[in-house]
Amino acid sequence: MKKKAIFPGTFDPFTIGHHSLVKRSLELVDEIVIAIGKNDAKKSYFSLEHRIEMIQSLYRNEPRISVETYDSLTVDFAKTVKAHFIVRGIRSVNDFEYEKTIADMNRKISGIETFILFTEPELTHISSTIVRELLRFGHDVSEFIPEGMNLKTRQ
């Protein structure tokens with residue numbers, strides 16, 4: 001049986017930290033669905049369609065990665081796509097506390113396990129929130145996003 005995981009997030013934008021987690025996760029599972037959560041309450045910098053396009057383009061030559069969106073509990077989406085695992089990354093102790101609570105609840109209600117991967121030390125300062133803020137004020141963020149990802153055509 002193939003091991004399948006989802007990697008959920010808003011990915012606004014998808015950073016080199018996210019990219020690192022995806023690459024490292026492929027060493028643990030056979031297939032990853034990058035699951036972009038729809039959150040109408042959150043003001044996005046990039047449209048949902050543009051985020052899908054950017055991530056799909058990045059992984060166009062990797063058949064073990066797909067990109068989908070969802071508008072439900074993450075664990076319910078995981079069941080829908082028949083994923084066995086949820087992949088999450090943590091940068092700090094604060095992230096750990098939050099992710100542990102959610103992972104425990106997800107396991108309790110569904111049996112789906114969560115992999116927690118620590119962010120590589122040189123990437124711990126990178127977050128979508130900070131990259132978005134830099135973009136809003138016109139700063140170059142190319143060192144914080146995967147090579148080849150086109151942020152310029154914001155929609």
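Our subject is the structure listed above.
Described below are features of the structure shown in this document. Computed from a predicted model, the values in this text were never measured in an experiment.

## Section: the overall build of the chain
Here is step 1 of the chain: A tally of helices and strands in the chain yields 5 helices and 5 strands.
Here is step 2 of the chain: Taken over the C-alpha trace, the chain has a radius of gyration of 15 Å; the compact-globule value for 155 residues is 15 Å, and the two agree within 12%.
Here is step 3 of the chain: Taken over the C-alpha atoms alone, the chain extends approximately 45 × 35 × 30 Å along its principal axes.
Here is step 4 of the chain: Put simply, the chain has 155 residues, and 43% of those count as buried.

## A look at the environment of Val 29
Here is step 1 of the chain: Looking at the element boundaries, Val 29 is found in the loop between helix 1 (16–25) and strand 2 (31–37).
Here is step 2 of the chain: Of the residues examined, Val 29 reaches a relative accessible area of 4% and is grouped as buried.
Here is step 3 of the chain: Setting aside chain neighbours within four positions, we find Val 29 in contact with Lys 3, Ala 5, Arg 64, Phe 85 and Phe 115.

## Observations concerning the environment of Arg 132
Here is step 1 of the chain: The residue Arg 132 is located in helix 5 (residues 128–136) in this model.
Here is step 2 of the chain: On the accessibility criterion, Arg 132 (9% relative accessible area) is buried.
Here is step 3 of the chain: Linking Arg 132 and Lys 100, residues 32 residues apart in sequence, is a C-alpha distance of 26 Å.
Here is step 4 of the chain: Discounting residues that sit within four places of it in the chain, Arg 132 has contacts with Asp 12, Pro 13 and Tyr 45.

## Here's the deal with helix 1
Here is step 1 of the chain: With 7 of its 10 residues buried, helix 1 lies for the most part within the structure.
Here is step 2 of the chain: Inspection of helix 1 places Gly 17, His 18, His 19, Ser 20, Leu 21, Val 22 and Ser 25 among the buried residues, and these make up the whole buried set.
Here is step 3 of the chain: Sitting at the amino-terminal end of helix 1 is Thr 15, which places a side-chain oxygen 3.2 Å from the backbone nitrogen of Gly 17.

## Considering the environment of Glu 68
Here is step 1 of the chain: Among the secondary structure elements, Glu 68 is positioned in strand 3 (residues 65–70).
Here is step 2 of the chain: For Glu 68 and Ala 35, which are 33 residues apart along the polypeptide, the C-alpha to C-alpha distance reads 5.1 Å.

## As for the packing of aromatic side chains
Here is step 1 of the chain: Summed over the entire model, instances satisfying the criterion amount to 6 aromatic pairs.
Here is step 2 of the chain: Here the aromatic rings of Tyr 45 and Phe 46 are separated by 4.9 Å at their centres, their planes lie at 75°, and the arrangement is edge-to-face.
Here is step 3 of the chain: Site record: aromatic cluster; members linked through ring pairs are Phe 7, Phe 11, Phe 14 and Tyr 59.

Calculation rules
- Along each chain, residue indices are assigned from 1 in the same order as the chain's sequence is written.
- With the structure being a predicted model, the display of local features is reserved for residues of pLDDT at least 70 and the display and counting of side-chain atom pairs for 80 or more, all residues being used for whole-chain, interface and lining totals.
- In computing side-chain properties, one takes all heavy atoms of the structure into account and sets aside hydrogens as well as water.
- Each helix is a run of DSSP H or I of at least 4 residues and each strand a run of E of at least 2, with the numbering of both proceeding from the N terminus.
- The globule rule is 2.2 Å times the number of residues to the power 0.38, and the radius of gyration it is compared with is taken over C-alpha atoms.
- Only protein chains enter the accessibility calculation, which uses a 1.4 Å probe; a residue whose area is less than 20% of its type maximum is buried, one above 50% is exposed, and one in between is partly exposed.
- The contact definition used throughout considers only heavy atoms, calling two residues in contact when any of these lie within 4.5 Å.
- Two N or O atoms count as a polar contact when they lie within 3.5 Å, although within protein this holds only if one can serve as hydrogen donor and the other as acceptor, and sequence-adjacent residues are included solely when both atoms are side-chain atoms.
- Pairing of aromatic rings covers Phe, Tyr and the six-membered ring of Trp, with a centre-to-centre limit of 6.5 Å; geometry is then stacked below 30 degrees between planes, edge-to-face above 60, and tilted otherwise.

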